[in-house]
Amino acid sequence: MSSYQEKHTPRHGDIKSYIRSCDCSLRCVGRTITGKLPFIPVLRHYNIRRDLLADCIAGLTVGIMHIPQGMAYSQVVGLPPVYGLYASFFPVILYFFLGSSMYLSMGTFALSSIMLGSAITKGMQSRNLVPQTYNTSLIIGGNLTYQITDNSDQLLDEKIKIAMAVTLAVGIIQTILGILRLGFITVYLSDPLISGFTTAAIIHVFISQMGAVFGISAGKYTGPFKLGWETRDYILSLHKTNPVTLIISIACILILWLVKECINVNPKIKPKLKMPVPIELIVVIVATIISYFAEFNEKYKVKVVGDIPIGIPPPNLKPIPYLADSFSDAIAIAIVNFAISISMAKIFSKRYGVEADPNQELLAYGICNIIPAFFTSFVSTISIARSLVQEDVGARTQVTGLLSSLLVLVVLLVVGPYFKSLPNCVLAAIILVSIKSIFYQFLELKILWKVSFLDFAVWVVTFLATVFLDIDIGLLTGVLFALLTVIIKSQRPHSCMMGQMPGTDIYRNKSHYPDAQELPHIKIYRFDSAIFFANAEFFKLSLYERTVDPIKLTKLKKKREKQKKKEDQRLSKIQISMSSSDVKMNGNNSLNLNGQVSSSDLSRKDNQYQNLTSRTESEISDITKLPLTDIKFIIIDCSMMGYVDFMGIKYLQQVVTELKPFNITVLIAHCTSKVRDMFETMDFYKVASKNFIFVTLHDAVVHAQAQILAEKKRSTSHPTTSSNTSLTDLPGSAEVDEKTNL
């Protein structure tokens, strides 16, 4: 990575800091222009000897990939192949001027193409322009009979207008997000969500190409479960398969797969190649030649690409009337495209140590969609496959994209009409082989299941919703479910009990560190989250569950009092029984010959009475003196608490208040300044003394151990001291070393 790119890589931040960094000077203006037009420092520091050859090889390689992929993904959208070439030309040139990454390849992409195709289908159906399109919500069951009609020029023109309007809306949304510096919104699209969504969307792409592979047709549907109805139609139409089309599809798929897997990625052959074998372009050229001379279309009814116009289309304002109705579909496309693109940008940033600016990339993606929309181009974004190839063949600067777009321009101006005989099934084969790697994302489920069940659930829910409902509904469902998991995690965060590592002042989670030892009469509890209204009650319940529950102690106390009361009643009964026995003895013939009561009998009865009474009183005394718990101190480690709100303070006060009657002192350690400020603001110290707030966890432990030792010495020197004496009432308990106390 060259030094000029590190110097001129834009930094992202909030709007206020961005405004403060500006000043009215030529230097500031120049810095702003350089930041918004990254190609200026690229050309200023361009080294022809070092960079030109590598950029030429990478540009030609990626340009060769652009041609077949652009034509193929245009078929996914539902437009003629030439529009895919437009989407592989205009955005690539614009990204050269505005893009900040040398490895990202702008142009057509499978996911954005299928989402745009879905938006076009809904737009046509809402205007009642496609009679063979059905809304699945109106389908109850049974077989549907319909007639598939060829697209007329009027229907094609309407499709192009809708595609251009959605593309323009996507560009406007991304540009506004970039100007407002809202690139952070992608944090709400987690990796499991994106993975599940893209995998499901690729299944939509896969099913959409079955018609071209088998040479059959199916109805067009919108709404939930549309994929199931389209699959049903394809299955019912399998008996109409064109055998020549199927043979061509299978042959192309095998050739593409063998070359990609056995040559381009073979560790023994790949190092010997200066560039990957452009097998897609080779297959397109060979298939076009064979189709032309074998007359596949005329003799075997194989559908071909048809006429491809020469030249660059003039700008027009066709998308303007449809713009207002396109924003609902454009929002999902804009956010998903940006999330995938910035993910690739961050991957390359980590590899080469240059920070990616999400806001600058948003501006670049927005402009790359706004301007091409007026030249009959459709939605473009970063392609994962082409970007990886661009990096692999050694691209040096953004000049790579400029060279690849020049190759596409040659096709548009000269070579395009020669692809007239290209079978559509060849483009379908290219698509199916190019998306096979995304199906490997199913393997992530095994990892997610082991790591996090909630992330696993996000993946599965997003995938199922996207497959069975629709692409936009699936994305919305996935986002809402992911936010729900965030709420669940915030409501029930992780908590643990801490123990001291032997011979150190280090404290660790006991469940993760078996050597961590629990200190006698001291419990150390850590709550790994801020305490706020959503989890404050869980904090208290979790603390009581892991340490001691005042409710259980209260029940135990009542049980002992009840037991003491029973023993008192028993002692009273014994006393009454012994008294009545004496009276009875005196009233009977318990006289000796001299007429006196036997002294030996009286002495024996008196001894029995005293022994029984003393034993019962001893049992009652043991019940009274037995402590309810051996815990004297509970230390709350606040190192993981970023903040505490009103409800959090309230529940902390409840903990201190509820444990105090049982002579359990709550100490708070390792608070942040923000938490301490909240303690001051919310009058927390009316319940808990400032003397029990400590800088570090070890300071709190040392204080607790000193108090326990002082209590033992006091109980030894004053045996009559009650074991229930509160540690907070002991002399000197509030005097804490200023070095360890806040």
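Treat the numbers as computed from the prediction; the structure is a model and nothing was measured.

Turning our attention to the overall build of the protein. Scanning the protein from N- to C-terminus turns up 29 helices and 10 strands. The burial tally for the protein puts 49% of its 742 residues in the buried class. Restricting the contact set of the protein to residue pairs at least 6 apart, pairs at least 24 apart contribute 82%. Taken as a whole, the protein presents about 37000 Å² of accessible surface, with 61% of it coming from carbon and sulfur.

Under the defined criterion, the tally for this structure stands at 23 aromatic pairs. The interplanar angle of 25 degrees and the centroid separation of 4.9 Å between the aromatic rings of Phe90 and Phe375 together place this pair among those described as stacked. Linking Phe90 in helix H7 (residues 90-98) with Phe375 in the loop between helix H17 (358-373) and strand S4 (381-382), this pair joins segments that are 285 residues apart in sequence. Phe375 carries the same exposure label as Phe90, and that label is buried. Seen from their ring centres, Phe442 and Phe463 are 5.4 Å apart, and the 75 degrees between their planes marks the pair as edge-to-face. Residue Phe442 is found in the loop between helix H20 (424-434) and helix H21 (444-451), and its partner Phe463 is found in helix H22 (residues 453-468); the two are separated by 21 residues along the sequence. Residue classification places Phe442 among the partly exposed positions, given a relative accessible area of 32%. Overall, Phe463 belongs to the buried group, its relative accessible area being 12%. An aromatic cluster of at least three residues, connected via ring pairs, comprises Tyr525, Phe527, Phe538 and Phe539.

Quick look at the environment of Phe692 now. Looking at the secondary structure, you find Phe692 in the loop between helix H28 (673-681) and strand S10 (693-694). Classification of Phe692 by relative accessible area gives buried; the value is 13%. Note: C-alpha distance between Phe692 and Ile668 (24 residues apart in sequence) is 6.3 Å.

The next subject is the pattern of salt bridges. This model, assessed by the stated rule, comprises 16 salt bridges. The salt bridge partner of Arg526 is Asp528, with a shortest N-O separation of 2.7 Å. Accessibility expressed as a relative area gives 18% for Arg526, which makes it buried.

Once that is clear, we can look at helix H14 (residues 279-294). Between its first and last C-alpha, H14 extends 22 Å over 16 residues, near the 22 Å set by a 1.5 Å rise per residue. Listed in full, the buried residues belonging to H14 are Ile279, Glu280, Leu281, Val283, Val284, Ala287, Thr288 and Ser291. Packing partners of the buried residues in H14 comprise helix H5 (48-77), helix H13 (243-264), helix H15 (296-300) and H20.

Positive phi outside glycine occurs at Lys301, with the angle close to 60 degrees. Here Lys301 is to be found in the loop between H15 and helix H16 (327-352). Since its relative accessible area comes to 64%, Lys301 is described here as exposed. With a phi angle near 60 degrees, His670 is a residue other than glycine that sits in the positive phi range. With respect to the helices and strands, His670 occurs in the loop between strand S9 (665-669) and H28.

Further remarks concern the packing of H21 against H22. Running from N to C, H21 and H22 point in directions that differ by 145 degrees, and their axes come no closer than 6 Å. Residues Glu444, Leu445, Leu448, Trp449 and Val451 of H21 touch H22, and the partners they reach there are Phe453, Asp455, Phe456, Trp459 and Val460.

Turning our eyes to something else, we now look at the nonpolar core. Counting residues in each nonpolar core, the largest one holds 130 residues, and the members touching the most others are Leu111, Met115 and Val426. Apart from the residues lying within four places of it in its own chain, the contact partners of Leu111 are Phe197, Thr198, Ala201, Val336 and Ile340. Core analysis: the second largest hydrophobic core is formed by 33 residues, Phe538, Tyr544, Cys638 and Ala688 among them.

Strand order in the open sheet formed by six strands is S6-S5-S7-S8-S9-S10, with mixed pairing between adjacent strands. Single-partner strands in this sheet number two, and they are strand S6 (507-509) and S10. Looking at chain direction, strand S8 (residues 633-637) and S9 are connected through five bridges and run parallel. In the sheet register, Ile635 faces S9, and the bridge partner there is Leu667.

Let's shift gears to the pairing of strand S7 (residues 522-527). Most of S7 is tucked away: six of the six residues are buried. With four bridges connecting them, strand S5 (residues 495-500) and S7 associate as antiparallel partners. Bridge pairing links Ser495 to Phe527 in S7.

Criteria and cut-off values
- Residues numbered from 1 in each chain as written.
- Predicted model: local features only at pLDDT ≥ 70, side-chain atom pairs only at ≥ 80, totals over all residues.
- Heavy atoms only, no water.
- Helix = DSSP H or I, 4+ residues; strand = E, 2+ residues; numbered from the N terminus.
- Buried < 20%, exposed > 50% of the residue type's maximum accessible area, 1.4 Å probe, protein only.
- Contact = heavy atoms within 4.5 Å.
- Areas by Shrake-Rupley, 256 points an atom, 1.4 Å probe, with all protein chains shown as cover.
- Phe/Tyr/Trp six-rings, centres within 6.5 Å; stacked < 30°, edge-to-face > 60°.
- Salt bridge = Lys/Arg side-chain N within 4 Å of Asp/Glu carboxyl O.
- Expected span 1.5 Å × (residues − 1).
- Axes fitted to C-alpha atoms, helices over the stretch in contact; angles between N-to-C directions.
- Core = buried A, V, L, I, M, F, W, Y, C linked by side-chain atoms within 4.5 Å.
- Pairing = 2+ DSSP bridges.

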